[in-house]
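Geometric and topological summary
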Amino acid sequence: MARSADDREAAEKLWGMIKGVRICMMTTLDENGILHSRPMATLPHAGFDDGTLWFFTRADSPKVHELKTHWRLNLSYADPDKQDYVSVSGVAETVRDRDKIRFLWRDILSTWFPQGVDDPDLALLKVSVDQAEYWDSPSSAMVYAYGYVKAKITGEPPKPGDHAKIAFQ
């Protein structure tokens, strides 16, 4: 988990922002050095106590093959209505543990995995987060108007909201 007390507090805020978004863009690197991004649903019920994020996937999916060669990835979360943005980097591994799959399974996942927990191709991606960064800005029109006027008067951009970088390892 996060190293310092400030990092732990920031990590709690980070998790609150992540679980509020749920869908992220997962970016991996293929064997030719090409970046690939795809939407993935974070499992909010899995928690974030140990700096780990979990995702269901197919064991034979392109992302799993990419992660065998280049195991580092990036997860990007955005909630434009709240002006919350998160970037997470870490190391991914494929987990085929049937007990863990059953533990994390929810019936709604049958939409994407109709054979359920007994699907032989069903797997988990375990992402061990090593760094994260978030931006949390007020989203009201008044804050934007204030920032615009301040920038015009002072010639400097406004600095609304909160920004943090967190080290987990």
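Preceding this section is the structure that the text describes.
Conventions we followed
Residues numbered from 1 in each chain as written. Predicted model: local features only at pLDDT ≥ 70, side-chain atom pairs only at ≥ 80, totals over all residues. Heavy atoms only, no water. Helix = DSSP H or I, 4+ residues; strand = E, 2+ residues; numbered from the N terminus. Buried < 20%, exposed > 50% of the residue type's maximum accessible area, 1.4 Å probe, protein only. Contact = heavy atoms within 4.5 Å. Areas by Shrake-Rupley, 256 points an atom, 1.4 Å probe, with all protein chains shown as cover. Salt bridge = Lys/Arg side-chain N within 4 Å of Asp/Glu carboxyl O. 1 Å grid on protein atoms, 1.4 Å probe; cavity = no way out; pocket = protein on both sides within 12 Å on 5 of 7 lines; lining within 4 Å. Points joined across faces, edges and corners; volume = space filled by probe spheres on them. Nonpolar A, V, L, I, M, F, W, Y, C, P; charged D, E, K, R; others polar. Phe/Tyr/Trp six-rings, centres within 6.5 Å; stacked < 30°, edge-to-face > 60°. Pairing = 2+ DSSP bridges.

It is worth spelling out the overall build of the protein chain at this point. Secondary structure summary: the protein chain contains four helices and seven strands in total. When the elements of the protein chain are put in sequence order from the N terminus, they spell out α-β-β-β-α-β-β-α-β-α-β. The 169 residues of the protein chain split such that 41% are buried. Long-range pairs, those at least 24 residues apart, make up 68% of the contacts in the protein chain with a sequence separation of at least 6. Total accessible area computed for the protein chain in this model is approximately 9,800 Å², and 54% of it derives from carbon and sulfur atoms.

Take the pattern of salt bridges next. Two side chains with opposite charge may pair up if their charged atoms get near one another. The full count for this structure, using the stated rule, is five salt bridges. Note that K13 is salt-bridged to D136, the shortest N-O span being 2.8 Å. Here D136 lies in strand 6 (residues 122–136) and K13 lies in helix 1 (residues 5–21), a separation of 123 residues in the sequence. Since its relative accessible area comes to 28%, K13 is described here as partly exposed.

A few words on the layout of surface pockets. The volume enclosed by the largest pocket comes to roughly 440 Å³. Lining the largest pocket are 19 residues, and of these A41, F56, L109, W112 and F113 sit closest to its centre. Breaking the lining of the largest pocket down by element, the ones donating at least two residues are strand 2 (35–41) and strand 3 (52–58). Counting residues per element, the lining of the largest pocket draws most heavily on strand 3, at four residues. Residue classes in the lining of the largest pocket are distributed as twelve nonpolar, three polar and four charged.

This next bit is on the packing of aromatic side chains. In total, this model carries three aromatic pairs according to the counting rule given. Grouped by ring-pair contacts, the aromatic residues F56, W105 and F113 constitute a single cluster.

Once that is clear, we can look at the pairing of strand 2. The sheet contact formed by strand 1 (residues 23–29) and strand 2 spans seven bridges and is antiparallel. Along strand 2, the bridge assignment pairs M25 with P39. Hairpin remark: strand 1 followed by strand 2, antiparallel, with five residues in the connecting loop; positive phi at G33, about 80 degrees.

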